[in-house]
Amino acid sequence: MCAGKSQPFIKRPFQFSSDLQLGQREKLACIVVKGDGPFSFTWTKDRAVLGENSGLTKIVQMDEETSILRISAVEAEHVGNYTCSVAGPGGADTVVASLLINGRM
């Protein structure tokens, strides 16, 4: 952590749609709304780090403050807990969202 740099803060609420169905597309945005950059984003699913392109899941860095997790077609294998962590010179922030299908894990 650098002196004089403010800690990043991720926009909340951080959540998936509550009525997801199999085959639907879904996006989850991780947006830093305050803090000093540059920022580094890390996405995980059930504590396993996700790569930029993991089959039907893709991570897109939109700009310095925004990273998008995109699922092209929701399948049963996508159910789980997704975490976005962001780090910058002033510290870090982490948020978690649960992906459910038809409201169930």
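Conventions adopted
Residues numbered from 1 in each chain as written. Predicted model: local features only at pLDDT ≥ 70, side-chain atom pairs only at ≥ 80, totals over all residues. Heavy atoms only, no water. Phe/Tyr/Trp six-rings, centres within 6.5 Å; stacked < 30°, edge-to-face > 60°. Helix = DSSP H or I, 4+ residues; strand = E, 2+ residues; numbered from the N terminus. Buried < 20%, exposed > 50% of the residue type's maximum accessible area, 1.4 Å probe, protein only. Lys NZ or Arg CZ within 6 Å of the ring centre and 35° of its normal.

- Per an unreviewed UniProt entry, the chain goes by Ig-like domain-containing protein and derives from Cordylochernes scorpioides.

1. Thoughts on the packing of aromatic side chains
Then comes step 1: Considering all chains together, one arrives at two aromatic pairs under this definition.
Then comes step 2: Taking 6.0 Å as the distance between ring centres and 35° as the angle between the ring planes, the aromatic pair formed by phenylalanine 14 and tryptophan 43 counts as tilted. Of this pair, phenylalanine 14 sits in the loop between β1 (9-10) and β2 (26-34) while tryptophan 43 is found in strand β3 (residues 40-45), placing the two residues 29 residues apart along the sequence.
Then comes step 3: The class for phenylalanine 14 is buried, based on a relative accessible area of 8%.
Then comes step 4: Between phenylalanine 16 and tyrosine 82, the aromatic rings sit 5.3 Å apart at their centres with planes inclined by 70°, giving edge-to-face as the arrangement. Of the two residues, phenylalanine 16 sits in the loop between β1 and β2 while tyrosine 82 sits in strand β8 (residues 80-88), which places them 66 residues apart along the sequence. Accessibility classification places phenylalanine 16 together with tyrosine 82 in one group, the buried group.
Then comes step 5: It is lysine 34 that lies over the ring of phenylalanine 9; its NZ or CZ is 5.7 Å from the centre.

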